[in-house]
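Spelled out from the first residue to the last, the chains are:
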Amino acid sequence: MGPVHHPVMAARVVEFLVTRTDGFYVDCTVGGGGHARQVLLNAPSGRLLGIDLDEETLVTAQAALDTFGSRVTLRQGNFGSLKEIVAEEGIGQVDGVLFDLGYSSLQLDAPERGLSFSSDGPLDMRFDRAVGASALDVISRSSERDLAAIIKRFGEERRAHPIARSILQAKHDGLLETTSDLKRAVLKTKPGRKTKTLARVFQALRIAVNDELDNLRRGLEGAVDVLRPGGRIVVLSYHSLEDRIVKRFFVGSERPCTCPKDLPHCVCGRKPTLRILTKRVERPEDAEVHGNPRARSAKLRAAERLAEGEQP
């Protein structure tokens, strides 16, 4: 038996996302197919487009969703190009778009991915290993200043400079090839909270390698463009950088006016496109976290597409 995939906050995702039982839904990070399966079960006449950057993960999703037959279309691609992918598939407007950000358990548990400091593997970290620069490539072409900027910006790590210096020294000495090598280089700086620091450094490099934050911004913009009025966007994020982008995007789409507050009426012409459904971020129940510890950091936000001229 293969690894079991536990979709995070599945009931709430379905509650927000599925507005029509015959709707068309897009899972931008289909992964192991857990959320997609729940969406299709709750939309028995609906269809789903599942997108994933990881070609190997799509094989797992295909097996998990095979019973739904022609109701499912799977496509390798980057959700930053969501609008273009939907157009290429000839779908038109859709009823819901789901983003389950970060990486799946299947990817984390595969040492050859190089995503985890808990197992030894190559310093890769790419979701699509056929294209782009690996984590080792990024490190190799970075100065101390550049690498520290990556660690500080994407990992929110205050000790970024000594960590970057130690990593580059290991590379200079020929001692940086694997995740274990990277782990040793980070721990050589004697961080006060070892696990937290390692998580931040690995997160920072993964985000840089996969251009995750810019892709998220583009994906959210694309989602608004492909949604029909009344359609929903649901986002599950797992760290503050992602959640901050989602929150700002939703707020900016609900209240886009940039006019000074002392003006009697809007003159900028910006119209709202979304209505926020989650006034506060939602988190998983304690029981779910107990059964699936990786759900602990999950944050859910949802919004609804407005019709032309409609107000939030």
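Residues numbered from 1 in each chain as written. Predicted model: local features only at pLDDT ≥ 70, side-chain atom pairs only at ≥ 80, totals over all residues. Heavy atoms only, no water.

Undergrad: Would you take a moment to explain unusual backbone geometry for this structure?
TA: Glycine aside, negative phi is the norm for most residues, and most peptide bonds take the trans geometry. Although it is not a glycine, M9 adopts a positive phi angle of roughly 50°. We note that E156 has phi near 50°; this positive angle belongs to a residue other than glycine. By the secondary structure assignment, E156 is in the loop between α7 (144–155) and α8 (160–172). Residue E156 is classed as partly exposed on the basis of its relative accessible area of 35%. (Helix = DSSP H or I, 4+ residues; strand = E, 2+ residues; numbered from the N terminus. Buried < 20%, exposed > 50% of the residue type's maximum accessible area, 1.4 Å probe, protein only.)

Undergrad: Explain the pairing of strand β4 (residues 94–100) to me, please; I cannot follow it from the model alone.
TA: If a strand is regular, its side chains alternate between the two faces of the sheet. With seven of its seven residues buried, β4 lies for the most part within the structure. Here strand β1 (residues 24–27) pairs with β4 via three bridges, running parallel. When the sheet's bridge partners are listed, D27 is paired in β4 with L98. Where β4 lies against strand β5 (residues 227–237), six bridges are found, and the strand directions are parallel. Bridge pairing links G96 to R232 in β5. (Pairing = 2+ DSSP bridges.)

Undergrad: Help me understand α8, please; the structure alone is not making it clear to me.
TA: Residues three or four positions apart in an α-helix share a direction because the helix packs 3.6 residues into each turn. Over its 13 residues, α8 extends 18 Å from the first C-alpha to the last, a length consistent with the 18 Å expected when each residue adds 1.5 Å. Buried within α8 we find A160, I163, A164, S166, I167, L168 and A170. Buried residues along α8 sit against α6 (135–140), α7, α9 (179–187) and α10 (194–210). G174, located one to two residues past α8, shows a positive phi value of around 75°. (Expected span 1.5 Å × (residues − 1). Contact = heavy atoms within 4.5 Å.)

Undergrad: I tried to follow the nonpolar core on my own but got confused; where do I start?
TA: Most often, soluble globular proteins keep nonpolar side chains buried together rather than apart. By size, the foremost hydrophobic cluster in this structure holds 62 residues, and its most contacted members are L82, V97, F99, I167 and I233. Per-element accounting of this core gives the leading share, seven residues, to α10. I167 has contacts with I139, L147, I151, L176, L182, A185, V186 and V201, leaving out every residue within four places of it along the chain. (Core = buried A, V, L, I, M, F, W, Y, C linked by side-chain atoms within 4.5 Å.)

Undergrad: Explain the pattern of salt bridges here, please?
TA: It is possible for side chains bearing opposite charge to pair when their charged atoms get close. Under the counting rule described, the total for this entry stands at 22 salt bridges. A salt bridge links R20 to D22; the shortest N-O distance between them is 3.2 Å. The salt bridge partner of R232 is E304, with a shortest N-O separation of 2.7 Å. You can see R232 sitting in strand β5 and its partner E304 sitting in strand β7 (residues 299–305), a full 72 residues away along the chain. Residues R232 and E304 agree in their burial class; the two are buried. Among the charged side chains, a network of salt bridges with common partners joins R20, D22, D95 and R228. (Salt bridge = Lys/Arg side-chain N within 4 Å of Asp/Glu carboxyl O.)

Undergrad: Got a minute to help me understand the packing of helix α11 (residues 212–226) against helix α12 (residues 240–254) in this structure?
TA: Between two packed helices, both the angle of their axes relative to each other and the distance between the axes serve to describe the pair. Where α11 meets α12, the closest approach of the two axes is 10 Å, and the angle between their N-to-C directions is 30°. One element, α11, and the other, α12, form an angle in the roughly parallel class. Seen from above, α11 lies across α12 with right-handed handedness. For the pair α11 and α12, contact is made by E212, L213, L216, R217, L220, E221 and V224 and by L241, E242, I245, V246 and F249, respectively. By residue class, the composition of the contact of α11 with α12 is eight nonpolar, no polar and four charged. (Axes fitted to C-alpha atoms, helices over the stretch in contact; angles between N-to-C directions. Parallel < 35°, antiparallel > 145°, perpendicular 65-115°, else oblique. Left-handed = near helix turned anticlockwise from the far one by under 90°. Nonpolar A, V, L, I, M, F, W, Y, C, P; charged D, E, K, R; others polar.)

Undergrad: Would you mind going over the sheet that holds β1 with me for this structure?
TA: For sheets, the rule is that strands pair by backbone hydrogen bonds, running either parallel or antiparallel. Pairing is mixed in the open sheet, where seven strands are placed in the order β3-β2-β1-β4-β5-β7-β6. One side of each edge strand has no neighbouring strand; the edge strands of this open sheet are β3 (72–76) and β6 (274–276). Geometrically, the sheet is characterised by an average inter-axis angle of 20° between neighbouring strands, direction not taken into account. By the bridge criterion, five bridges tie strand β2 (residues 47–52) to β3 in an arrangement that is parallel. The partner of L49 across the bridge, within β3, is T73.

Undergrad: Sorry, what's going on with the packing of α8 against α9 here?
TA: Put simply, α8 and α9 touch, their axes get as near as 8 Å, and they point 135° apart. Taken as axis vectors, α8 and α9 run oblique relative to one another. Here the hand of the crossing between α8 and α9 comes out right-handed. Taking contact as the criterion, the partners of I163, S166, I167 and A170 in α8 are, on α9, L182, A185 and V186. Residue composition of the contact of α8 with α9, by class: six nonpolar, one polar and no charged.

Undergrad: Explanation requested: the packing of aromatic side chains in the structure shown.
TA: Pairs of aromatic rings are described using the distance from one ring centre to the other and the angle between the two planes. Tallied over the full model, the rule gives three aromatic pairs. Judged by centre distance (5.5 Å) and plane angle (65°), the rings of F117 and F202 are edge-to-face. Of this pair, F117 sits in the loop between α5 (105–108) and α6 while F202 is found in helix α10, placing the two residues 85 residues apart along the sequence. Accessibility classification places F117 together with F202 in one group, the buried group. Arranged with centres 6.4 Å apart and planes meeting at 55°, the rings of F249 and F250 form a pair that is tilted. Note on F249: relative accessible area 18%, which makes it buried. Overall, F250 belongs to the buried group, its relative accessible area being 2%. (Phe/Tyr/Trp six-rings, centres within 6.5 Å; stacked < 30°, edge-to-face > 60°.)

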